[in-house]
Amino acid sequence: MQIANASDFESSNQNNMDDTLLVRFYLKPRQDAGESAKQGRPVFVETEYIEIRTPGSRDAVARPAKPRDIERFPKHYDAFKARVAEPETGTPLTEWPQISRSMAEEFSYFNVKTVEQLIAMSDQNAGRFMGINELKRKAKEWLIASDSSKAEEAIKTRDDEIAELKAQVAQLLKATKVTKKRRTKKKVAKKKEVKQEE
């Protein structure tokens, strides 16, 4: 039996958790102490910052961005560099038919913008909302159902392809039988000719 190390789970688990975080890179002026001392006045430098929020919480971590942050959140950093809104992966709550627009806006205020983020919300943060456990259950069921409908579409496509291939095979077999019959007739005719010559 093989024993798992903590490092075996670290990167994949972190990637799964990172998908639920709300991450934003931005520029903020930061005082350069060395340059300020040289010039005898406050000198500020535009510095890249990162803000990380957990779905369901109003709290955030904001600090100067480090190279490991850029490696950890490359899509968010690329969006920041392109001056585009941060990418959100998943189904927006506004597009989920199980809740009203006003509920989606309320969740958005607490940084829950997708169905997947709603499901991933910690119990501590979920305690702020009435009936949240029922909503989380519905969200899980809805995601499972939407995945199964994709599977049904794939099965139907596969079945159509199989039927088409069967028709092609039937045509090939039919053509092969016709060819065999012709060959058989030719062989019989040759045998008759050979017998007649003898």
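This text follows the structure it describes.
Residues numbered from 1 in each chain as written. Predicted model: local features only at pLDDT ≥ 70, side-chain atom pairs only at ≥ 80, totals over all residues. Heavy atoms only, no water.

## Things to note about the overall build of the chain
Where we set the bar: Working definition: helices are DSSP H or I runs of at least four residues, strands are E runs of at least two. Numbering for both runs from the N terminus. Partly exposed describes any residue whose relative accessible area lies between the buried limit of under 20% and the exposed limit of over 50%, with all areas from a 1.4 Å probe on protein chains only and scaled to the type maximum. Two residues form a contact once any of their heavy atoms are found within 4.5 Å. The method behind every accessible area is Shrake-Rupley, applied with a 1.4 Å probe, and residues are considered shielded solely by the protein chains displayed.
In terms of helices and strands, the chain carries eight helices and three strands. Beginning at the N terminus, the succession of helices and strands in the chain can be written as α-β-α-β-β-α-α-α-α-α-α. Buried positions account for 23% of the 198 residues belonging to the chain. Here the contacts in the chain between residues at least 6 apart in sequence split such that 50% fall between residues at least 24 apart. Accessible surface, the chain as shown: approximately 15000 Å² in total, 53% of it carbon and sulfur.

## Brief notes about unusual backbone geometry
Of note in this structure, Asn-111 is not a glycine but carries a positive phi near 65 degrees. Its location among the elements puts Asn-111 in the loop between helix H5 (101–109) and helix H6 (115–120).

## Comments concerning the nonpolar core
What counts is decided by this rule: Nine residue types can take part in a nonpolar core, namely buried Ala, Val, Leu, Ile, Met, Phe, Trp, Tyr and Cys, and a core is a set of them joined through side-chain atoms within 4.5 Å.
Membership of the largest hydrophobic core comes to 16 residues, with the highest contact counts inside it found for Leu-93, Trp-96, Ile-99, Phe-107, Leu-118, Met-121 and Ile-132. Listing elements by their share of this core, those giving two or more residues are H5, H6 and helix H8 (132–197). With four residues, H8 is the largest single contributor of residues to this core. Sequence-distant contacts of Leu-118, that is, excluding residues within four places in its chain, are made with Leu-93, Trp-96, Phe-107, Val-112, Ile-132, Leu-135, Lys-136 and Ala-139. Core analysis: the next-biggest nonpolar cluster, separate from the first, contains eight residues, Leu-21, Phe-25, Ile-50 and Ile-52 among them.

## Comments concerning the sheet that holds strand E3 (residues 60–64)
Heads up, the condition is: Pairing between two strands is assigned when DSSP locates at least 2 bridges connecting them. For helices, the fitted axis covers only the stretch in contact; all axes are lines through C-alpha atoms, and the angles between them, taken along N-to-C directions, range from 0 to 180 degrees.
Pairing is antiparallel in the open sheet, where three strands are placed in the order E1-E2-E3. What marks the edges here is a single partner per strand, and that holds for strand E1 (22–31) and E3. On average, each strand axis in the sheet is inclined to that of its neighbour by 25 degrees, with strand direction left out of account. Packing of helix H4 (residues 74–81) onto the sheet brings it into contact with E1 and strand E2 (44–53), and relative to E1 it is tilted by some 55 degrees.

## Some thoughts on the pairing of E2
As paired strands, E1 and E2 are joined by ten bridges and run antiparallel to one another. Looking at E2, one finds that Val-23 is bridged to Ile-52. As defined by bridge partners, E2 adjoins E3 across five bridges and the pair is classed as antiparallel. When the bridges of E3 are listed, Arg-53 appears paired with Ala-60. Taking the residues that link successive antiparallel strands as the turn, the E2-E3 hairpin has six residues, and the phi of Gly-56 there is positive, at about 90 degrees.

## Thoughts on the packing of aromatic side chains
Heads up, the condition is: To pair, rings of Phe, Tyr and Trp, with the six-membered ring standing in for Trp, must have centres within 6.5 Å; the planes then decide the type, stacked if under 30 degrees apart, edge-to-face if over 60, and tilted in the middle.
As enumerated under the stated definition, the model contains eight aromatic pairs in all. With 5.8 Å between their ring centres and 25 degrees between their planes, Tyr-26 and Tyr-49 make a pair best called stacked. Placement of Tyr-26 in strand E1 and of Tyr-49 in strand E2 is noted, with a sequence separation of 23 residues between them. On the basis of relative accessible area, Tyr-26 is assigned to the buried category, the value being 15%.

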